[in-house]
Amino acid sequence: MRCKQMNKKLITGSNNPQLKAYWRTRLGVTAWQHPTGILTSRRLRKGHGPLTVVHFKRLSLRSMTRALCHPKQLNRLEVRTSLAFIVGPLLFAIGSLWSLMEPGAVEISSATLAMGSVFFTAGGWWQLRQAQIAVEKLPAETENWQWCGLRCALTQSMGTVLFNINTFFLWGWAQPNDIGWLLLAVLPNLLGSILFLISAADGLIEVGHGKLLVYEPNHLGWWIAMVNGLGCLWFMQSALAALPNHLPEQSVFNADMAARTTFLGSLAFAVVGLLSLAECSEDEITST
């Protein structure tokens with residue numbers, strides 16, 4: 001079954017009267033009915049147009065690969081967001097792996113993690129900016145807080161800022177006092193991971209239209225939400241393993257587990273970046 005993309009110029013203007021809520025649950029609105037088709041939350045915030053016949057572009061693995069390899073334009077926010085979410089997680093993966101292989105090279109691993117957090121935050125900001133632009137296209141009947149797409153982008157962006165605080169603190173303050181370590185390392189890491197989990201839940205609700213778990217293997221957005229959720233779970237496990245276990249000493253429950261799960265979560269987020277890069281071109285190729 002083929003989907004036809006509608007011209008995205010049809011979706012312009014503030015409080016768009018052409019859009020009517022199509023999928024609405026207690027957790028928010030996930031799709032709107034447009035005169036020419038269905039506009040899902042994810043497609044709205046990615047700047048894509050409505051689809052006819054089905055609510056997502058059906059792609060085979062071959063088509064997904066072609067979409068990934070399709071030329072990209074760096075002036076598109078979604079492209080810059082995807083690239084940032086590839087580079088940042090890869091730097092996180094290198095930094096965490098380095099800390100496992102060379103426990104004494106704390107400064108190098110901390111610096112790599114801090115640099116990775118900058119790209120994470122850039123990606124989070126650009127993703128939030130996409131959602132802010134899309135908010136202007138919502139119909140008057142949809143409150144901003146009802147849109148899971150905006151909640152997803154906002155909580156993830158806030159989480160990346162907290163990871164900035166955590167990583168730059170650990171890089172710049174080699175021997176912190178106990179209070180500083182708790183407030184600027186442990187707490188931001190924990191809160192950032194919680195915000196990532198909230199964002200992941202909204203992302204799953206967004207593609208599942210009110211359901212946390214659906215099965216849509218031909219849907220790039222579904223793969224992105226699922227792999228992102230896995231990465232967020234690993235980051236949460238890392239934050240829990242890095243909680244203090246013997247105050248006032250600055251020791252954690254399991255430093256090796258924290259580094260390993262950070263590594264795994266970072267790889268998952270890098271895959272999300274690649275999938276998102278493919279999603280940028282999903283409307284520009286023919287399904288096969």
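The structure this text deals with has already been given above.
Residues numbered from 1 in each chain as written. Predicted model: local features only at pLDDT ≥ 70, side-chain atom pairs only at ≥ 80, totals over all residues. Heavy atoms only, no water.

J.: Could you give an account of the layout of surface pockets, with specific residues and numbers?
T.: Counted as a void, the largest pocket has a volume near 1100 Å³. Taken together, 35 residues make up the lining of the largest pocket; nearest its centre are Ser-99, Ser-110, Leu-113, Leu-170 and Ala-255. Put simply, the parts of the chain that give the lining of the largest pocket at least two residues each are helix H3 (77–101), helix H4 (106–135), helix H5 (148–172), helix H6 (178–208), helix H7 (220–241) and helix H8 (255–279). Looking at side-chain class alone, the lining of the largest pocket contains 20 nonpolar, 12 polar and 3 charged residues. (1 Å grid on protein atoms, 1.4 Å probe; cavity = no way out; pocket = protein on both sides within 12 Å on 5 of 7 lines; lining within 4 Å. Points joined across faces, edges and corners; volume = space filled by probe spheres on them. Helix = DSSP H or I, 4+ residues; strand = E, 2+ residues; numbered from the N terminus. Nonpolar A, V, L, I, M, F, W, Y, C, P; charged D, E, K, R; others polar.)

J.: Any chance you could break down helix H2 (residues 61–69) for me, citing the residues and the numbers?
T.: Every buried residue of H2 is accounted for by Ser-63, Met-64 and Ala-67. Each buried residue of H2 lies within a common arc of 100° when the element is viewed along its axis, so the set occupies one face. Along H2, exposed side chains directed more than 90 degrees from the buried face belong to Leu-61, Arg-62 and Cys-69. In this structure, the buried side of H2 is in contact with H7 and H8. (Buried < 20%, exposed > 50% of the residue type's maximum accessible area, 1.4 Å probe, protein only. Arc of directions from axis to C-beta. Contact = heavy atoms within 4.5 Å.)

J.: Could you give an account of the environment of Leu-39, with specific residues and numbers?
T.: Checked against the element boundaries, Leu-39 lands in strand S3 (residues 37–40). Residue classification places Leu-39 among the buried residues on the basis of a relative accessible area of 0%.

J.: I'd like to hear about the pairing of strand S2 (residues 28–34), residue by residue, with values.
T.: Across the 7 residues that make up S2, a large majority, 6, are buried. Bridge count for strand S1 (residues 20–25) against S2 is 5 bridges, and the pairing is antiparallel. Bridge pairing links Arg-24 to Val-29 in S2. Hairpin remark: S1 followed by S2, antiparallel, with 2 residues in the connecting loop. The pairing of S2 with S3 spans 4 bridges and is antiparallel. Residue pairing across strands places Gln-33 opposite Ile-38, the latter belonging to S3. Counting the residues that bridge the hairpin from S2 to S3 gives 2 residues. (Pairing = 2+ DSSP bridges.)

J.: I'd like a rundown of the side chain of Asp-202, residues and numbers included.
T.: By the element assignment, Asp-202 lies in helix H6. Within the local environment of Asp-202, its side chain forms a polar contact with the side chain of Arg-151, the two groups lying 2.8 Å apart. Residues in contact with Asp-202, not counting those within four places in the same chain, are Cys-148, Arg-151 and Cys-152. (Polar contact = N/O pair within 3.5 Å; in protein donor to acceptor, adjacent residues only side chain to side chain.)

J.: Would you mind going over the sheet that holds S1 in detail, with residue names and values included?
T.: The pairing of strands in a sheet comes from backbone hydrogen bonds and takes either a parallel or an antiparallel form. Spatially, 3 strands are ordered S1-S2-S3 in an open sheet, and the strand pairing comes out antiparallel. Pairing within the sheet leaves two strands with one partner each, and these edge strands are S1 and S3. Strand-to-strand twist across the sheet, computed as the mean angle between neighbouring axes with direction ignored, equals 30°. (Axes fitted to C-alpha atoms, helices over the stretch in contact; angles between N-to-C directions.)

J.: Talk me through the nonpolar core; I want residue IDs and the actual numbers.
T.: Ranked by size, the top nonpolar core spans 13 residues in total, and within it Trp-32, Leu-44, Ala-131, Val-135, Leu-138, Trp-147 and Leu-150 carry the most contacts. Those elements giving two or more residues to this core turn out to be S2, H4 and H5. Counting 11 residues, the second largest nonpolar core, distinct from the first, contains Met-64, Ile-224, Val-227 and Ala-278. (Core = buried A, V, L, I, M, F, W, Y, C linked by side-chain atoms within 4.5 Å.)

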